[in-house]
Amino acid sequence: MSLPAVQTTSVIYRKILSRFPQDMSLAFAYGSGVFRQSGTTHGQMGSNMLDFVFAVDDPVSWHTMNLMKNHKHYSFLRYLGPRHVSNVQSQHGARVYYNTLVPCDGRMIKYGVISTDALIEDLFHWKTLYIAGRLHKPVKILVQNDSSKLRAALVSNLKSAVTAAFLMLPESFSVEDLFVQIAGLSYAGDFRMVIGEDRSKVLNIVRGNLPHFQNLYGNILHECSQVVYKPLQGKLEIDKSPEGQFTQLMGLPRTLQQEITSLVDPPGKNRDVEEILLQVAQDPDCGLVVQQGISSIVKTSSLTQSAKGIVTAGLIKTVSYSLKKLQKMWKGSRRKSN
């Protein structure tokens with residue numbers, strides 16, 4: 001199964017990509033500069049920052065070449081060399097290195113660099129749910145190599161998002177309800193949703209991009225044995241029996257299962273994961289426990305990655321970027337109150 005995504009690459013994306021070393025296993029663009037959100041005009045879209053993620057097999061080699069081509073993109077860390085930059089990338093936060101507020105071909109861009117191995121681990125296991133969470137939502141794929149492991153990881157991540165959403169939804173719900181739940185997974189526990197992000201962001205993302213979400217998840221929903229999918233009515237029904245929920249819990253990514261285990265299992269008991277998940281499946285608050293597990297993963301990665309961003313972006317860019325986010329949140333709250 002291939003990953004459904006927006007595959008067309010317009011001139012602006014090709015031009016921007018040409019400014020960077022080409023050794024990428026995956027490159028994609030995402031966010032409000034790429035996909036229109038509900039309540040946003042095309043004119044506003046054109047002024048929004050373009051966000052990119054580049055997955056690379058050898059971060060040291062990639063940063064070496066990028067420092068030669070684009071050394072001004074980096075903070076003071078550029079003076080410490082590519083190996084140090086790569087160490088900061090891989091050993092701290094969500095294992096992604098962002099350069100932000102970069103002027104490029106008439107647009108302002110932000111780009112994150114992550115190793116292919118770290119990306120695959122996050123997609124399969126939700127170790128940080130940072131880049132994996134961005135890939136729960138529609139993205140514009142610009143480059144993707146023919147790695148079967150990467151392809152399988154991308155699809156596994158989407159299936160995991162559907163499973164986690166099922167556990168937090170009632171027995172019957174709409175397609176929009178499902179997509180709002182999925183789009184919100186990577187924001188659960190993110191402190192930036194309290195300070196710095198438009199709080200209606202998730203709903204705006206879904207309502208502005210329903211066809212893209214349907215393209216991304218349609219095949220998974222049709223093939224899923226635990227859901228009755230009625231696309232013409234836009235409705236779904238799932239199995240909320242303890243047996244059904246246990247099957248879904250067993251299908252969750254490893255890190256989330258571990259977080260659920262630590263939430264439920266009293267210290268010193270050391271029961272196995274399967275036994276604990278069987279107990280959670282019979283709990284009326286099963287969905288809440290899953291949500292708390294996701295929040296725990298996201299809270300840790302969002303805090304540590306944001307702290308790391310002060311170093312990788314530099315203080316001036318960090319303050320400027322944060323002010324832009326606060327302004328966006330204020331505008332969003334004004335639209336909501338009108």
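Scroll up to find the structure.
Thresholds, definitions, all that
- Residues numbered from 1 in each chain as written.
- Predicted model: local features only at pLDDT ≥ 70, side-chain atom pairs only at ≥ 80, totals over all residues.
- Heavy atoms only, no water.
- Helix = DSSP H or I, 4+ residues; strand = E, 2+ residues; numbered from the N terminus.
- Buried < 20%, exposed > 50% of the residue type's maximum accessible area, 1.4 Å probe, protein only.
- Contact = heavy atoms within 4.5 Å.
- Areas by Shrake-Rupley, 256 points an atom, 1.4 Å probe, with all protein chains shown as cover.
- Phe/Tyr/Trp six-rings, centres within 6.5 Å; stacked < 30°, edge-to-face > 60°.
- Lys NZ or Arg CZ within 6 Å of the ring centre and 35° of its normal.
- Core = buried A, V, L, I, M, F, W, Y, C linked by side-chain atoms within 4.5 Å.
- Salt bridge = Lys/Arg side-chain N within 4 Å of Asp/Glu carboxyl O.
- Axes fitted to C-alpha atoms, helices over the stretch in contact; angles between N-to-C directions.
- Parallel < 35°, antiparallel > 145°, perpendicular 65-115°, else oblique.
- Left-handed = near helix turned anticlockwise from the far one by under 90°.
- Nonpolar A, V, L, I, M, F, W, Y, C, P; charged D, E, K, R; others polar.

Caption draft 1: View of the overall build of the protein chain. Within the protein chain, the regular secondary structure consists of 15 helices and eight strands. Relative to its full complement of 338 residues, the protein chain shows a buried share of 53%. Of the contacts formed within the protein chain by residues at least 6 apart in sequence, a portion of 71% connects residues at least 24 apart. Summed over all atoms, the accessible surface of the protein chain reaches about 15,700 Å², with 54% contributed by carbon and sulfur.

Caption draft 2: Up close: the packing of aromatic side chains. Inspection of the entire model under this criterion finds twelve aromatic pairs. With a centroid separation of 5.8 Å and 50° between ring planes, the pair formed by Phe28 and Tyr30 is classed as tilted. An identical accessibility class is assigned to Phe28 and Tyr30; each is buried. The ring of Tyr98 carries the charged tip of Lys110 above its face, separated from the ring centre by 5.1 Å. Positioned above the aromatic ring of Tyr130, the side-chain terminus of Arg134 is 4.1 Å from the ring centre.

Caption draft 3: Just the nonpolar core, in detail. Membership of the largest hydrophobic core comes to 69 residues, with the highest contact counts inside it found for Ile131, Leu178, Tyr217, Leu249 and Ile294. Per-element accounting of this core gives the leading share, eleven residues, to helix α7 (residues 148-168). If near-sequence neighbours (up to four positions away) are discounted, Tyr217 is found in contact with His136, Leu158, Ala161, Val162, Phe179 and Ile182. Counting 26 residues, the second-largest nonpolar core is a separate cluster that includes Leu17, Ala29, Phe54 and Val85.

Caption draft 4: Spotlight on the pattern of salt bridges. In the structure shown here, the tally under the stated rule is eight salt bridges. The closest approach of N and O atoms between Lys110 and Asp51, which form a salt bridge, is 3.9 Å. Residue Lys110 is located in strand β4 (residues 107-115), and its partner Asp51 is located in strand β2 (residues 50-56); the two are separated by 59 residues in the primary sequence. Taking relative accessible area as the criterion, Asp51 reaches 12% and is therefore assigned buried.

Caption draft 5: The arrangement of the packing of helix α3 (residues 59-70) against helix α4 (residues 82-91) in detail. α4 packs onto α3 with a crossing angle of 125° between their chain directions and a minimal axis gap of 8 Å. Looking at the two axes, α3 sits oblique to α4. Between α3 and α4 the crossing geometry is right-handed. Across the interface between the two elements, Pro59, Val60, His63, Thr64 and Leu67 of α3 pack against Pro82, Arg83, Val85, Ser86 and Gln89 of α4. Tallied by class, residues from the contact of α3 with α4 come to five nonpolar, four polar and one charged.

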